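# An overview of the molecular structure
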Amino acid sequence: MAVTIQGDWSVKVTLKNAAFDQRFIVSGSIVSDGVYPGTIGTRIQAGGANWMIRIQNRASARNPWVDSDMRLGPETPSGISVIRVVESNDQGADQDFDDLVLELRKKQNPIILIVQRPFAIDPRSLIMNPDGIFYGGGSVQVMAVRVRNTWTRTMPADQALDISNLGRLQLAAAGIQVVDAWTARELESFGQTMLGPTRMPVIGPLAVGEERTVYFKLDCSAAHASAPEVEFIARRSVPEPDLDDPARLARRKIFVTQVGYDPATREVTARTPEGILRLQLKQISLDPHRYNEMRDCIRGALKAGGPRGVHARELRIRAERLLRDLRAGRCDPCLLRELSELCCKCVGDDGGGGGSGGINSCPFPWLPIRFSYTVEAPFSGQYGPVPFQDPWWKVIAWIICAALLIAAAIVDIFDEAHENEEIVIGEVARFSRDNVDCSIASLYGVRGVELGVLDSLSGEPNTNARIAIDGIVPIVRAVAPAFVGMKVYKSGARTGLTHGLVTSIVATTNQCRGEFEDSTGTCHPDPATPNLVMTNQIRVGTSADFPSEPTTDHGDSGSLWLSDEPATRDQVVGLTHSGRIGSSDANPINDVLAALDVRLTP
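This section reports on the structure supplied with the text. The model shown is predicted, which means the values in this text are computed figures rather than measured ones.

Okay, the overall build of the protein next. Regarding its fold elements, the protein presents seven helices and 39 strands. Looking at the protein as a whole, 46% of its 602 residues qualify as buried. For the protein, the share of sequence-separated contacts (at least 6 apart) that also reach a separation of at least 24 residues comes to 66%. Split by element, the accessible area of the protein, about 28800 Å² in all, is 53% carbon and sulfur.

This next bit is on the state of the cysteines. Tallied over the full model, the rule gives one disulfide. A sulfur-sulfur separation of 2.1 Å characterises the disulfide bridge that pairs cysteine 512 with cysteine 523. Classification of the bridge connecting cysteine 512 and cysteine 523 rests on its S-S torsion, roughly 80°, and on that basis the disulfide is right-handed. Of the two residues, cysteine 512 is situated in the loop between strand S33 (496–511) and strand S34 (515–517) and cysteine 523 in strand S35 (residues 522–524); the sequence distance between them amounts to 11 residues. Relative accessible area serves as the criterion here: at 21%, cysteine 512 is assigned to the partly exposed category.

The rolling of a water-molecule-sized probe over the atoms marks out the regions of remaining empty space. Inspection of every chain in the model, using the stated rule, returns one cavity of 30 Å³ or more. As for the largest cavity, its lining consists of Val178, Val179, Asp180, Trp182, Met194, Arg199, Tyr215, Phe216 and Lys217. If you list the elements that add at least two residues to the lining of the largest cavity, you get strand S15 (177–179) and strand S18 (211–219). Grouping the constituent residues of the lining of the largest cavity by class yields six nonpolar, no polar and three charged.

Right, let's talk about the sheet that holds strand S20 (residues 249–253) for a bit. Pairing within the open sheet is antiparallel, and its three strands lie in the order S14-S19-S20. What marks the edges here is a single partner per strand, and that holds for strand S14 (160–163) and S20. Strand-to-strand twist in this sheet, taken as the mean axis angle between neighbours without regard to direction, amounts to 30°. Of the strand pairs in this sheet, S14 and strand S19 (residues 229–235) are connected by four bridges, and their pairing is antiparallel.

Within this structure, the stated rule accounts for 20 salt bridges. Salt-bridge contacts for glutamate 87 lead to arginine 71; the nearest nitrogen and oxygen are separated by 2.7 Å. Taken together, the residues glutamate 87 in strand S8 (residues 81–89) and arginine 71 in strand S6 (residues 69–72) connect sequence positions 16 residues apart. By relative accessible area, glutamate 87 is classed as partly exposed at 24%. The residue aspartate 242 makes a salt bridge to arginine 248 at a minimum N-O spacing of 2.6 Å. For arginine 248, a relative accessible area of 0% corresponds to the buried category. Residues joined in a network through salt bridges with shared partners are Glu103, Arg105, Glu240, Asp242 and Arg248.

By size, the foremost hydrophobic cluster in this structure holds 31 residues, and its most contacted members are Met143, Leu161, Ile176 and Phe232. Put simply, the parts of the chain that give this core at least two residues each are strand S10 (112–114), strand S13 (140–149), S14, S18 and S19. Judged by nonpolar contacts, the second largest core, of 19 residues, contains Ile5, Phe24, Met70 and Leu100.

Turning our eyes to something else, we now look at the side chain of serine 504. Checked against the element boundaries, serine 504 lands in strand S33. At 3.3 Å, the side chain of serine 504 and the backbone nitrogen of alanine 507 are in polar contact. Residues within four places of serine 504 in sequence aside, it is in contact with Val484, Gln537, Ile538 and Arg539.

What counts, and where the lines are drawn
- Residues numbered from 1 in each chain as written.
- Predicted model: local features only at pLDDT ≥ 70, side-chain atom pairs only at ≥ 80, totals over all residues.
- Heavy atoms only, no water.
- Helix = DSSP H or I, 4+ residues; strand = E, 2+ residues; numbered from the N terminus.
- Buried < 20%, exposed > 50% of the residue type's maximum accessible area, 1.4 Å probe, protein only.
- Contact = heavy atoms within 4.5 Å.
- Areas by Shrake-Rupley, 256 points an atom, 1.4 Å probe, with all protein chains shown as cover.
- Disulfide = S-S within 2.5 Å.
- 1 Å grid on protein atoms, 1.4 Å probe; cavity = no way out; pocket = protein on both sides within 12 Å on 5 of 7 lines; lining within 4 Å.
- Points joined across faces, edges and corners; volume = space filled by probe spheres on them.
- Nonpolar A, V, L, I, M, F, W, Y, C, P; charged D, E, K, R; others polar.
- Pairing = 2+ DSSP bridges.
- Axes fitted to C-alpha atoms, helices over the stretch in contact; angles between N-to-C directions.
- Salt bridge = Lys/Arg side-chain N within 4 Å of Asp/Glu carboxyl O.
- Core = buried A, V, L, I, M, F, W, Y, C linked by side-chain atoms within 4.5 Å.
- Polar contact = N/O pair within 3.5 Å; in protein donor to acceptor, adjacent residues only side chain to side chain.

In structure tokens form, the structure reads like this:
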């Protein structure tokens, strides 16, 4: 006799308890018709609208095969599917129906779907990396996985998602290790529950068609540029009979890029399997007020000592380490973020940049405006070559911010930076103290120069904008000779954009080079550094049109006084070098240009 089966099933020999030879025959199936040995472990796949299984036995090789008696059991849930048992009884004396037993497991469509490419999250801010790309050499990162229940029933409360053994090997081949250990605080931050020996994130209960995002920790410190395909498996903490069922599995690629610094060319590089992107920063914008707040806070902490001094010294050490790593071709974005938060914390005792919610209330004072890039093995883009096929090119913004911008800004904040050979960013090319106080610096690397000054900024005390709040005032590349009564303005690092009125063009200044007491206006000369006396200087007083604005303050030295007269507006008048309450002193710009042997080019 034979039994008839409908649909797609796997057939496996699970028991043989007979002295006679046993075999089974499949007929009427789509592709699996044939004769199969009755050996425990024999497995085939069979399917069709109606197909049959026949079990046969024989007493010996000299005897013919004869049909066994058979009985087909009902469908019984097992694991993620259902099974049916086919029992048989041969021509022997017993009637126990265990001479050959087949287990039929119904073929199951995939029960999970990874909805989108798994993406990388910064574990400190909980913010997704640009386009979700993983950062090679970037220590531990979190992989977010969005999974959908495509099963025929609701997943139970202990249903979990794991990275399969094959998936772990795939990641290891890319230099990535799965970190199964989670702290209670981390689990709370991600709203996640774990179970099982490998600490699998729970996805159940999950109704049919519903989705849930779960998280895995990946150590990417040794990761290299690659696009590994990661295999995931749906499983529970209890033993299950069908862990080898492919319907439990789902696979998706992740993208890993390596970012480093090339000290020979002073370029940031991003390496992917498809090519190399090289970047050079050309132009930045600086928020002078935020910069000065950080600088003054750190300066004061270093002088004061105590816990804040320890904090500031720690910040400097870590910043130096960061730049050493950059020069060696390594860059840790997590360290970059931590350093920027430490800087912000110095400004506000409440720790302005370090909140657990990941929102940085202390914006960093540097912003990239323009950069250049070169591409090896480029792909054609709509407006020119793009470095890599999507999504690789989207790492550009991250590279600039992480590897160039923040690192340079943090180190530049420290007064002692010029003393450390590891973090020098340029050198003085020429200077003069011959009736002027000026110098010109040659910066390392390639940097653009845009002759413009910041207009008044939002949130500043002085908001009488020359053109527009938060705008840029272009400098007219010409000299406007000063005269008494001339209206002028400057954009200083400390006081921002303020206005003034020229009160003298023949002033004599005695610039204190010793210790100066702001409270009394007293200079204590230092014989090693005599005071600098200059004649025929420009003196700027308070403008009657803007009586509440200061002229200058500490930190404004080096800012240009520009003409606010209609005929010469925005032309250069003088270079600020010192001042006092209510007035500012400046070198006439022609004297500065002559002393440094430079000129303003139209």
